[in-house]
Amino acid sequence: MNVSVIGTGYVGLSTGVCLAEIGHQVTCIDIDKSKIEKLNKGISPIYEPGLERFLQKNINTKRLSFTTCYEEGLIGSDIIVMTVGTPQGPEGKPDLSYLERAAVDIASHLNEDTIIVIKSTVPVGTNNHIKEIIDKHIADDIKVDIVSNPEFLREGSAIVDTLKADRIILGSNKPSAIAKVKELYSTLNIPILETDISSAEMIKYASNAFLALKISYINEIANLCELVGADVMDVSKGMGMDRRIGESFLRPGIGYGGSCFPKDVLALQHSARDAGMTFDLLSETMHINNLQQLVLIEKAKNRFGELKDMNFAVLGLAFKPGTDDIREAPSITIIQELIKSEAYVATFDPAASNNMEQVINHDNVNYCTSLYEAVENADALFIITEWDEIISMDLFQVLSLMKQPVIFDGRNCLKEEQLLECEKIEYYPIGRPNLLRRS
Ligand SMILES: NC(=O)C1=CN([C@@H]2O[C@H](COP(=O)(O)OP(=O)(O)OC[C@H]3O[C@@H](n4cnc5c(N)ncnc54)[C@H](O)[C@@H]3O)[C@@H](O)[C@H]2O)C=CC1
Ligand SMILES: O=C(O)[C@H]1O[C@H](OP(=O)(O)OP(=O)(O)OC[C@H]2O[C@@H](n3ccc(=O)[nH]c3=O)[C@H](O)[C@@H]2O)[C@H](O)[C@@H](O)[C@@H]1O
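What you see is a predicted model; the values in this text were computed from it and never measured.

1. Considerations on helix H11 (residues 261-274)
The terminal C-alpha atoms of H11 lie 20 Å apart, and with 14 residues this matches the ideal 20 Å at 1.5 Å per residue to within 8%. Taken together, the buried positions of H11 are Phe-261, Pro-262, Lys-263, Asp-264, Val-265, Ala-267, Leu-268, Gln-269 and Ser-271. On the buried face of H11, the contacting elements are helix H9 (197-228) and helix H12 (280-292). Within two residues after H11, Gly-276 carries a phi angle of roughly 90 degrees, on the positive side.

2. As for the sheet that holds strand E11 (residues 365-367)
Strand order in the open sheet made by the 7 strands is E11-E10-E9-E12-E13-E14-E15, with mixed pairing throughout. Unpaired on one side and paired on the other, E11 and strand E15 (435-437) mark the two borders of the sheet. Between one strand axis and the next, the sheet turns by 20 degrees as a mean value, whatever way the strands run. Summarising the sheet, strand E13 (residues 406-409) and strand E14 (residues 425-428) pair through 3 bridges and their orientation is parallel. For Ile-407, the partnering residue across the bridge sits in E14 and is Tyr-427. Sheet strands touched by helix H13 (residues 295-304): strand E12 (380-383), E13 and E14. Its angle to E13, the strand with the most contacts, is close to 155 degrees. Contacts from helix H14 (residues 330-340) reach strand E9 (311-315), strand E10 (344-348), E11 and E12 within the one sheet, and its direction differs from that of E9 by about 175 degrees.

3. Topic: the site of ligand 1
Around ligand 1, 27 residues are found, and the nearest of them are Gly-7, Gly-9, Val-11, Ser-120 and Thr-121. Counting residues per element, the ones that place at least two in the shell around ligand 1 are helix H1 (10-21) and helix H5 (97-109). Broken down by class, the residue content of the shell around ligand 1 amounts to 10 nonpolar, 10 polar and 7 charged.

Calculation notes
- Residues numbered from 1 in each chain as written.
- Chains lettered and ligands numbered in written order.
- Predicted model: local features only at pLDDT ≥ 70, side-chain atom pairs only at ≥ 80, totals over all residues.
- Helix = DSSP H or I, 4+ residues; strand = E, 2+ residues; numbered from the N terminus.
- Expected span 1.5 Å × (residues − 1).
- Buried ≥ 20, exposed ≤ 12 C-beta atoms within 10 Å, placed from the backbone.
- Contact = placed C-beta atoms within 7 Å.
- Pairing = 2+ DSSP bridges.
- Axes fitted to C-alpha atoms, helices over the stretch in contact; angles between N-to-C directions.
- Near = placed C-beta within 6 Å.
- Nonpolar A, V, L, I, M, F, W, Y, C, P; charged D, E, K, R; others polar.

Written as structure tokens, this is what we have:
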């Protein structure tokens, strides 16, 4: 099939590359010239495991190409997949302007009937709104069907998640359009749920908000565990063994970040408010998450009192391992708090330092190219992102480089056996007993 993908961000690029990989002829369109120039050279503008290899392979086999030109990119397209961003707008309402602009661009260059699949995360009613825009701008004799097909991939595992998704949701009132989109995915053998457009749109928000809720729940349990002397890691494990609860998304930490959970929970709350409902569970989920991002700072203040003029190493900047994305990352809140306290910060991240430097460029913050450089002379170390490189660091070397052997582990990711071997360490995890060896 000939497929045009609109937008080459995390979703668009992963979708385009994977559709080419399973044999479709794919053209990706983006308005960002510099991205398209890079992509045409086989360079991925984002860090995503496995993506660049598939990108180069499919460019070489001529199944994948990139352009900034809608006219060229839409020629002969059987299906157009829209993946442009829907960032947080005023009062938490998603900003649909990128999607609306893309809809006008598609409609103005379309010269045959086609199916438009919307993958971007959008509130109920948006697919119909986009269809109205397209109908208004296309030639009278051309017909377009819309299929809502929300995306569930995670950053850091986007390729695997696309090729091995748990489910594909297809929402449409046109059986012929659904049949065609099913054909697009047929070789993947992924279970498909067919539904109406509104339910498909709601499934996306309901899923993301539920996962965010699960994280806030386990984080509150972690905070309670600290107060009553239980170990949240055992609690989480024990809960997860119940198949009705499930073990995933019960990892306690310093809160969720990323480009989607924060914005999607807020957007769902906004939709609820528009519909005359408050949905307090969502407000609580967000409130808990905001406080959780500050938990390590609180622990440091309890330990040291004033943080002024102290040196802190911050390991991990990305909102999760396996990505260079720092959108809404807890590291931003933590570094900003340290700056506010007039402390000095040395950071290390295997992929996200350049992105963070664009957001926080301050005299007190030093971006190091090695983990061991970042910890040198530190009064304490914050672990923010559980990258393999950080989990498997040489703890003895790290402690020997630090001024004081104090570690605040925001992801409970350091190995217990290794910690127990340390003669002198102060280790403060989340929701479990501290390890204090001061002798
Ligand atoms: N990032 C993720 O892991 C996931 C994101 N989503 C949703 O998918 C959508 C896209 O997210 P990301 O890929 O992260 O966004 P992104 O911000 O990484 O990429 C969006 C791309 O669209 C391009 N674009 C904007 N306007 C355009 C236009 N008129 N024509 C062509 N290209 C245009 C931008 O230049 C950019 O390259 C959002 O609605 C998001 O909520 C859904 C699941 C996962
Ligand atoms: O709509 C989206 O954009 C995507 O949002 C999330 O994916 P993503 O944000 O890439 O990453 P996750 O693995 O879900 O992690 C999100 C945040 O939650 C945190 N998290 C996750 C799991 C957990 O147990 N504990 C926890 O604190 C992570 O550290 C991270 O900050 C969803 O998992 C995807 O299904 C969805 O498609």
